[in-house]
Amino acid sequence: MIADTIEISSANASSSLYSEDLAPVPASKRSWGTWNYAALWISMSLCIPTYMLASSLIEGGMNWWQAILTIFLGNTIVLIPMLLNGHAGAKYGIPFPVLARASFGVKGANIPAILRAIVACGWFGIQTWIGGFALYLMLKLWIPGLETLPRIFPQSFGLETGPALTFFFFWALNMFVVYLGVDSIKKLLVFKAFFLPIAALALLAWAIMEGKGLGPILSTPSKFKDTASFWKFFFPALTGMVGFWATLSLNIPDFTRYAKSQQAQIRGQAFGLPASMTLFAFIGVVVTSATVIIYGHTIWDPLVLAGKFSSKFLVSVAMIAVTISTLATNIAANIISPANDFANLAPSRINFRTGGYITGVIGILIFPWKLIADANGYIFTWLIAYSSLLGPIGGIMIADYFFLRKQRLLISEIYKEQGIYTFNKGYNRFAVIALIAGILPNVPGFLTTTRMISIDAVWPWLSNLYNYAWFVGFLVSGIVYLTLSRNRKTESNI
């Protein structure tokens, strides 16, 4: 069901909370059907990080079916909050920052928005590193001296000079696109939609031929010596799979607000997300498993693998294509959202362009080359760490919308500084307390995993909670929020 949208304008809304971009989308302008949402997920799933997601599980020790099953389960689980959070977008036509006002308050909504923005900055950094490293692999074929340049960064940075130069060049290219505006990226997105599926199938064909068929590839055994060691890796890996799309599971209303119906967004996402992620991940699993047969060791990074091809022309074409595709994905998926989130903090001082520059700077400071230097860092340090922040937000928003408000919002109030969603000076203290309560249990595990403190300094059971970070945060925050809010009046009482 789609609610009859109340017409909101600057005349009956607070100027600091309303803009044309944040206004409810009227039913007459909602044109996205089932296929649109399925196509959205197919497009977003076809990216280098998805390939690396699958190959990291092989590098971690899983065999092909264990890796595929883990990815399928993770994406099926994250589909649930995706559909639940998408419900309000489809019903009321409102985006994520506006929906967050119902649970966090009209000012408190900036807290989940900025947490989500920081995660997007991290993804921007990772994608920028991938694009820059692709340039490096191409250029060093033609300029061998690039590989032996003297070190200019401290050893602790873990950054060689050649890759650093191409990384910062590609970063500057991204910032230039931000300067030009988002419209400049449309043609590159079309290029990505055609190139990546073809490139993925070509890579799969190469792996099957060089690996002497699928039989030997899929017979590569698991590296785990016993069941206990498998489960020890499986649960944090599953949490990482859920965490991969934890950001989108929050801001999915940004897309579902354009849905023709609830059924359109539900069917489209259910058909598109688990299937496309699993199919593309299968390519990553097969190719990575094939590298063990072909080269004698696992190569989980597709760029490193492509760099091993003997043809300079083939490598150059592949790396240029990866660079262009990554640029398109980066701007569309990792710049637009955080730039708007930062701009929402102070609309009179921060515009989209400035927000994009802030995203770029944070993307460097997060040291993306360290996050994806190895499979364990990608899963345990990055995916699980940010899932511990976003799981609690999802728990609060879903608990608020479905259990507390019974899917009923007063849209005319959600754009007012002085209304029922103002709470205490714009902040809902119950949501803030619940958010902190959901994050705290995962802090000890994060500190021991990143070696900020000794593992002996924390009770083992407390440290192990980090392996289930998204689930722990989601449940703890949701339960605490409902407990604190049990006597609060809601829309049904007004």
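See above for the structure.
The structure displayed is predicted, hence computed values, not measured ones.

Orientation of helix α2 (residues 48–60) relative to helix α12 (residues 262–295), taken along the N-to-C sense of each, is 50°, at an axis distance of 8 Å. On the basis of their axis angle, the class for α2 and α12 is oblique. Read as a crossing pair, α2 and α12 show a hand that is right-handed. Along the contact surface, α2 presents Thr50, Tyr51, Leu53, Ala54, Ser55 and Ile58, while α12 presents Met277, Phe280, Ala281, Ile283, Gly284, Val285, Val287, Thr288 and Ser289.

Within the largest apolar cluster, 130 residues are counted, with the highest numbers of intra-cluster contacts made by Met62, Trp123, Trp245, Tyr378, Trp382 and Leu409. Sort the elements by how many residues they give to this core and helix α5 (residues 110–142) lands first, with 14 residues. Among all residues touching Trp245, those that are not within four sequence positions of it are Trp41, Met44, Ser45, Asn75, Val78, Met82, Leu273, Met277 and Tyr386.

A cluster of nonpolar side chains, contributed by Phe169, Leu173, Phe176, Tyr179, Leu180 and Tyr357, occupies part of the molecular surface with about 600 Å² of accessible area. A total of five residues in the nonpolar patch trace back to one element, the largest contributor, which is helix α6 (residues 161–180). Locating Leu180 in the fold gives a position in helix α6.

In this section: the side chain of Asn251. As for its position among the elements, Asn251 is in helix α10 (residues 246–251). A relative accessible area of 6% means that Asn251 is categorised as buried. With residues near it in sequence (within four places) discarded, Asn251 still touches Phe96 and Arg116.

Moving on: helix α4 (residues 96–104). In an α-helix, one turn spans 3.6 residues, which is why side chains three or four residues apart end up on the same side. Within α4, nine of the nine residues are buried, which leaves the element mostly enclosed by the surrounding structure. Looking only at α4, the buried set comprises Phe96, Pro97, Val98, Leu99, Ala100, Arg101, Ala102, Ser103 and Phe104. Where α4 terminates, the next one or two residues include Gly105, which has phi positive at roughly 100°.

Take helix α16 (residues 352–365) next. Taking 1.5 Å per residue, 14 residues should reach 20 Å; α16 reaches 20 Å between its end C-alpha atoms and fits that length. Taken from the residues just after α16, Phe367 is the one with a positive phi, measuring 55°.

Right, let's get into unusual backbone geometry. For Lys406, which is not glycine, the phi dihedral falls at a positive 55°. With respect to the element layout, Lys406 can be found in the loop between α18 (375–404) and α19 (429–439). Phi is positive for Gln407, close to 65°, though the residue is something other than glycine. Secondary-structure assignment places Gln407 in the loop between α18 and α19.

With that out of the way, let us pick up the packing of aromatic side chains. Overall, the coordinates contain 35 aromatic pairs when judged by the stated rule. Consider the rings of Trp123 and Tyr386, whose centres lie 6.4 Å apart with planes at 75°: the pair is edge-to-face. Residue Trp123 is found in helix α5, and its partner Tyr386 is found in helix α18; the two are separated by 263 residues along the sequence. With a relative accessible area of 3%, Tyr386 lands in the buried category. Following the ring pairs from residue to residue traces out a cluster consisting of Trp129, Phe133, Tyr136, Phe153, Phe157, Phe167, Phe168, Phe367 and Trp369. If you follow Lys308 out to its NZ or CZ, it ends over the ring of Tyr295, 5.5 Å from the centre.

Okay, the pattern of salt bridges next. Under the definition given, this model contains five salt bridges. Notably, a salt bridge pairs Lys140 with Glu147, separated by 3.8 Å at the nearest N-O pair. By relative accessible area, which is 22% here, Lys140 ends up partly exposed. Measuring nitrogen to oxygen at the nearest pair gives 3.5 Å for the salt bridge that ties Lys416 to Glu413. A residue is classified by how much of its surface remains accessible, and Glu413, at 16% relative accessible area, is buried.

A few words now on the environment of Leu447. With respect to the helices and strands, Leu447 occurs in helix α20 (residues 443–449). When its relative accessible area of 23% is taken as the criterion, Leu447 is described as partly exposed. For the pair formed by Leu447 and Ile420, sequence separation is 27 residues and the distance between their alpha carbons is 39 Å. With sequence-adjacent residues up to four places away left out, Leu447 is seen in contact with Met452 and Ile453.

This part covers the environment of Trp171. Secondary-structure assignment places Trp171 in helix α6. Judged by its relative accessible area of 21%, Trp171 is partly exposed. Taking C-alpha positions, Trp171 is 26 Å from Gly240, a pair spaced 69 residues apart along the chain. Beyond its immediate sequence surroundings of up to four residues, Trp171 is in contact with Phe124, Thr128, Gly360, Val361 and Ile364.

Parameters at a glance
- Residues numbered from 1 in each chain as written.
- Predicted model: local features only at pLDDT ≥ 70, side-chain atom pairs only at ≥ 80, totals over all residues.
- Heavy atoms only, no water.
- Axes fitted to C-alpha atoms, helices over the stretch in contact; angles between N-to-C directions.
- Helix = DSSP H or I, 4+ residues; strand = E, 2+ residues; numbered from the N terminus.
- Parallel < 35°, antiparallel > 145°, perpendicular 65-115°, else oblique.
- Left-handed = near helix turned anticlockwise from the far one by under 90°.
- Contact = heavy atoms within 4.5 Å.
- Core = buried A, V, L, I, M, F, W, Y, C linked by side-chain atoms within 4.5 Å.
- Buried < 20%, exposed > 50% of the residue type's maximum accessible area, 1.4 Å probe, protein only.
- Patch = residues over 30% accessible without salt bridge, like charges linked within 9 Å, V, L, I, M, F, W, Y side chains within 5 Å.
- Areas by Shrake-Rupley, 256 points an atom, 1.4 Å probe, with all protein chains shown as cover.
- Salt bridge = Lys/Arg side-chain N within 4 Å of Asp/Glu carboxyl O.
- Expected span 1.5 Å × (residues − 1).
- Phe/Tyr/Trp six-rings, centres within 6.5 Å; stacked < 30°, edge-to-face > 60°.
- Lys NZ or Arg CZ within 6 Å of the ring centre and 35° of its normal.

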